[in-house]
Amino acid sequence: MSNVDNKKKLINWLGFIGIIQLISYTAAIIFSPMAFPGYDWKSMAASDLSAMDAPSRMLWDQLSAFYNVGSVVCSTCVSIYVSDKKVSTKLFRLGIYLFTIMNWISNVGYKMFPLSDSGKEIAGFQEIMHMVITAAVVLLSIVSLVLLIIVGCKKKKMRGIGIWAIVALLTMFVGAIGSGAVPKEYFGIFERFSTFSAVGFNAVLGVYLFKGFNNQES
């Protein structure tokens, strides 16, 4: 590698957005309940904070502004970079592309179909579509992470990101299984495992983008 190749370009610096979106989402999760009287984070879903009738919605939108934009920008920049540099294998790049599509569906879908009533039953069209978006997000997350894990097992240079993908996938499963297994008063605790898995992995991808995936190209 020449010194010119090692110089960071704008797209590499944009990897920091991955860290910013994680901080933004964490701030929204921690501070938005302050604007929601009676909200119990241990039993209620994070999405209740951004429901159409939630008193915390304005604060949530303010605190999560960088998350909403950053998750899409970061993953899209990662996709562009791995595509342009032909990083690792086609399977690896496919995993990155699917993860990016998931972020787009999550960002656009939840804005189009937010929960209309916080903490209420899933009954109306708005709530049903919210759950459809959630199913698509979960499915794409699992498939993309599994592909990255497979590549990490086969390619030594991609082992690090494969390990992070395992952590994200296990965290997602802990959240999904725990949410259904524990009493309702503890649903919110495990639900947050699922929500943070994708946000956290986006931050990991941002760090890899900043490092230029360690200049490891196949």
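Structure first, text after, so check above.
Anyway, here's the lowdown on the structure attached to this text. In this text the structure is predicted, and so the values were computed from the model without any measurement.

Some thoughts on the environment of Gly 206
- Structurally, Gly 206 can be placed in helix H9 (residues 187-210).
- On the basis of relative accessibility, which here comes to 1%, the residue Gly 206 falls in the buried class.
- Considered as a pair, Gly 206 and Gly 15 are 191 residues apart in the sequence and their alpha carbons are 3.9 Å apart.
- Other than its neighbours up to four places away in sequence, Gly 206 contacts Gly 15 and Cys 74.

Remarks on helix H6 (residues 90-112)
- Compared with the 33 Å implied by 1.5 Å per residue over 23 residues, the 32 Å span of H6 between its first and last C-alpha is a close match.
- On its buried side, H6 packs onto helix H5 (65-85), helix H7 (125-154), helix H8 (159-181) and H9.

Examining the environment of Leu 63
- Note on placement: Leu 63 falls in helix H4 (residues 57-63).
- Exposure remark for Leu 63: the relative accessible area of 25% places this residue in the partly exposed category.
- When the C-alpha positions of Leu 63 and Phe 196 are compared, they lie 16 Å apart, and in sequence the two are 133 residues distant.
- Beyond its immediate chain neighbours, meaning those up to four positions away, Leu 63 contacts Ser 24, Ala 27, Ala 28, Phe 31 and Ser 32.

Conventions used here
Residues numbered from 1 in each chain as written. Predicted model: local features only at pLDDT ≥ 70, side-chain atom pairs only at ≥ 80, totals over all residues. Heavy atoms only, no water. Helix = DSSP H or I, 4+ residues; strand = E, 2+ residues; numbered from the N terminus. Buried < 20%, exposed > 50% of the residue type's maximum accessible area, 1.4 Å probe, protein only. Contact = heavy atoms within 4.5 Å. Expected span 1.5 Å × (residues − 1).

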